[in-house]
Amino acid sequence: QVPKRLKLIARFLPRLLSPASRAMNSVMTKASQMRTSATTAATDASCAAIDCLSQLKRAAGESYKSLKENGLKNWCSENLE
């Protein structure tokens, strides 16, 4: 025969664990949301860096072209103050 105390534990254990499992699910959901946010932020930063490098490359190319076509004196007067 199963002692009364064990019967009570078996009966109420699911009720006791239910709030803990809900809390764990909430933590896991929040962690997933944070991971998604971090991934999105990293992707945005990466795209911004690529755009910035592209603009820098274009500007350097235009500057070099100007230097090549107009000579050093004109390039200095256009680009240096």
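Note that the structure is a prediction, hence the values are computed from the model and not measured.

## Comments concerning the overall build of the protein chain
Within the protein chain one finds one helix and zero strands. In terms of overall size, the protein chain is more extended than a compact globule, its C-alpha atoms giving a radius of gyration of 33 Å where 81 residues would be expected to give roughly 12 Å. Sorting the 81 residues of the protein chain into buried and exposed places 2% on the buried side. Taken as a whole, the protein chain presents about 7,500 Å² of accessible surface, with 62% of it coming from carbon and sulfur. Computed over 13 positive and 6 negative side-chain charges, the separation of the two mean positions in the protein chain equals 38 Å.

## Considering helix α1 (residues 4-79)
Here α1 is 76 residues long, yet its end C-alpha atoms lie only 90 Å apart, well below the 112 Å a rise of 1.5 Å per residue gives. A bend of about 125° at G71 is the largest found in α1.

## Considerations on a nonpolar patch on the surface
Together, L6, L8, I9, F12, L13, L16 and L17 give the surface a local cluster of nonpolar side chains, amounting to about 650 Å² of exposed area. Tracing the sequence through the fold places L16 in helix α1.

## Description of the environment of I50
For I50, the location among the structural elements is in helix α1. Sequence spacing of I50 and A60 is 10 residues, and the spatial spacing of their C-alpha atoms is 15 Å.

So, how was this worked out
Residues numbered from 1 in each chain as written. Predicted model: local features only at pLDDT ≥ 70, side-chain atom pairs only at ≥ 80, totals over all residues. Heavy atoms only, no water. Helix = DSSP H or I, 4+ residues; strand = E, 2+ residues; numbered from the N terminus. Rg over C-alpha atoms; globule rule 2.2 N^0.38 Å. Buried < 20%, exposed > 50% of the residue type's maximum accessible area, 1.4 Å probe, protein only. Areas by Shrake-Rupley, 256 points an atom, 1.4 Å probe, with all protein chains shown as cover. Lys, Arg positive; Asp, Glu negative; His and termini not counted. Charge placed at Lys NZ, Arg CZ, Asp CG, Glu CD. Expected span 1.5 Å × (residues − 1). Bend = angle between axes of the 7 residues up to and from the residue. Patch = residues over 30% accessible without salt bridge, like charges linked within 9 Å, V, L, I, M, F, W, Y side chains within 5 Å. Salt bridge = Lys/Arg side-chain N within 4 Å of Asp/Glu carboxyl O.

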